[in-house]
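Take a look at the letters that make up each chain.
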Amino acid sequence: MECVCLRSRGDVNLFFTMNKERIFVFDTTLRDGEQVPGCQLTTQEKIEIARGLALLGVDVIEAGFPVSSPGDFNSVREISLLLNEMYKNREISEIPTVCGLTRAVEKDIEVAADALKYAAKPRIHTGIGASDFHIQYKFNSTREDILRRGVHAVRFAKKFVDDVEFFCEDAGRADNLFLAQLVEAVIDAGATVVNIPDTTGYCIPDEYGQKIKFLRENVKNIDKAIISVHCHNDLGLATANSLAGIRNGARQVEVTINGIGERAGNTSLEEIVMILKTHKNLGFETRINTPQIYPMSLKVSRLMNMPVQPNKAIVGRNAFAHSSGIHQDGVLKNALVYEIIDHKDVGVPDNAILLTARSGRAALRYRLEKLGFRLSKEQIDEIYPKFLEMADRRKDVNDGDLLELMGVAKPTEDIQIKLLGLNVVCGKISTLPMAAVQMEYKGEIITETATGNGPVDAAFKAINKIVTVNAELDEYVIQSMSKGSDDEGRVYVKLLFDGQAYFGFGESTDVVLASAMAYIDALNKII
Ligand code: KIV
Ligand code: ZN
């Protein structure tokens, strides 16, 4: 039971109490998310993500598609063992379910059952195409045959585990009457969860919500199973569709961290969870430990080499950054003016006030105070035009620039670390990858060499020998600008130094060079 503030009128709040309905969070980052080309993970990396998902509080971890590869099989097995270890002395209800995907094929189900054999709470997720597109073109089959195969798959899976989820692939485009027939039949066969995927991301929210409502009203045994929503983002509607499904009776939502997944991705965990948390009056709750959201987003982005778009809701770099003067002024008076979520509630360390040519005096004063400068109104008025001039010349004004403005630091141009040359030796050879760098630093030309785990690591180590700043590399992301192998790579690094984050960027057709440039860019900002 939770007390919910309906609305605020002056200082009189209207309260009422309501029981919240539990929404189960089924995470498929390691299955649907991992289907993204270029995002494949090693078993060790999957284990690291699974640990994070467990700490985040997801109810189900879809750990892979065991029959698809020995790697997926192993991951499902290893993740089951990991959770047993993590939850050794805990109640069974606290342990996340481990799920393995299968087609409606006996062999798949047998292999999944084997991969899941150590899981404390195993679930087999089996299913088949439900739309006429799938029935005719993918299976060259009939609705009757699909019904029979679906029921058989559930019955077969029930021989191994109690918990069987059935997916009706492409349910978004399936005929509702046939879908209802299929759902009823698989529940009769023992399915505990029925998944209604909008596989192609085709539906719009009203339509998808109505589909779930239709099933609730027309499947007579629907109360014996949980309805699950699984939406793809081809039209940018995955989160909206999932919400519509929940509001119409679904009680499990299938999501990925950062919304990664096939094509345009899946519903993102952080979005749906924070919608339900922010709109308490909807009456739903999840068990997600929301301060773990941002660390988890960084982990997935780093391990999958999938940069998060800066304006991504909740976890994007700019999600809590304010740059226009009016907004900065409002947020500095009270964050509630322009923020609907407390950044700490999703684990974002700070709401940034970015200084640009659009920033006002309030923002300038705030950032200067953070550096220890307490200025009078007259002093701020005096310095503000110089700040604007500087902001016009530089894209954004960082702490080093502010010190320069206050006359306590030299212009950054004077102290720049410059990369003069870089050579690397790498490839499949018997020696370790090696890098030699030549740099201008503090007016001196210095050359250093180092070996490393790869050419980038070697280059960073060689740079560290010259610029001995005790900064920690917190993020390294490499992205191709378009498709060709002759294309430019863009590298983005984040260094942590003295509790502050410094970002560096580099672009080149040579990705090792781009990496060194990004690293030096961030070091320059520190220095
Ligand atoms: O999108 C989809 O239909 C799926 C199923 C395999 C569950 O990912
Ligand atoms: Zn999917």
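For the structure itself, consult the block above.
Residues numbered from 1 in each chain as written. Chains lettered and ligands numbered in written order. Predicted model: local features only at pLDDT ≥ 70, side-chain atom pairs only at ≥ 80, totals over all residues. Heavy atoms only, no water.

Engineer: With reference to specific residues and values, describe the coordination of the zinc ion (ligand 2).
Structural biologist: Distances from the zinc ion (ligand 2) to its protein donors, Asp32 (OD), His230 (NE2) and His232 (NE2), fall at 2.0 to 2.1 Å. Written as a sequence motif, the donor residues of the zinc ion (ligand 2) are D-x197-H-x1-H. Grouping residues by exposure puts histidine 230 and histidine 232 together as buried. (Donors = N, O, S within 2.8 Å, 3.2 Å for Na, K, Ca; no water. Buried < 20%, exposed > 50% of the residue type's maximum accessible area, 1.4 Å probe, protein only.)

Engineer: Tell me about the sheet that holds strand β16 (residues 434–441), and please be specific about residues and values.
Structural biologist: Reading across the sheet, the three strands line up as β15-β16-β17 and stay open at both edges, with antiparallel pairing between neighbours. Only two strands of the sheet have a single partner each, and these edge strands are β15 (418–425) and β17 (444–451). Between one strand axis and the next, the sheet turns through 15 degrees on average, direction left out of account. In the sheet, β16 pairs with β17 via eight bridges, with the strands oriented antiparallel. Pairing of methionine 434 across the sheet is with threonine 451, part of β17. On the sheet, helix α17 (residues 511–526) packs against β15 and β16 and is oriented at approximately 140 degrees with respect to β15. (Pairing = 2+ DSSP bridges. Helix = DSSP H or I, 4+ residues; strand = E, 2+ residues; numbered from the N terminus. Axes fitted to C-alpha atoms, helices over the stretch in contact; angles between N-to-C directions. Contact = heavy atoms within 4.5 Å.)

Engineer: Outline the sheet that holds strand β7 (residues 122–129), supporting the account with residue identities and numerical values.
Structural biologist: Spatially, β4-β5-β6-β7-β8-β9-β10-β11 is the arrangement adopted by the eight strands of the closed barrel, whose pairing is parallel. The mean angle between the axes of side-by-side strands here comes to 25 degrees, regardless of whether they run parallel or antiparallel. Where strand β8 (residues 163–169) meets strand β9 (residues 193–198), three bridges bridge the pair, whose relative direction is parallel. Looking across to β9, one finds that phenylalanine 166 is bridged to valine 194.

Engineer: Describe in detail a nonpolar patch on the surface, supporting the description with residues and values.
Structural biologist: Side chains of Ile326, Val337 and Tyr338 sit close together on the surface and give an oily, nonpolar patch of about 310 Å² of accessible area. Tracing the sequence through the fold places tyrosine 338 in the loop between α11 (325–333) and β14 (352–353). (Patch = residues over 30% accessible without salt bridge, like charges linked within 9 Å, V, L, I, M, F, W, Y side chains within 5 Å. Areas by Shrake-Rupley, 256 points an atom, 1.4 Å probe, with all protein chains shown as cover. Salt bridge = Lys/Arg side-chain N within 4 Å of Asp/Glu carboxyl O.)

Engineer: Give a detailed account of the pairing of β7, specifying residues and quantitative values.
Structural biologist: The element β7 is extensively covered by neighbouring structure, given that seven of its eight residues are classed as buried. Here strand β6 (residues 97–101) pairs with β7 via four bridges, running parallel. In the strand pairing of β7, glycine 100 is matched with isoleucine 124. Taking the sense of rotation as the criterion, the β-α-β connection linking β6, helix α3 (residues 106–115) and β7 turns out right-handed. Summarising the sheet, β7 and β8 pair through seven bridges and their orientation is parallel. If you follow isoleucine 128 over to β8, its bridge partner there is cysteine 168. (Right-handed = clockwise from strand over helix to strand, strands pointing away.)

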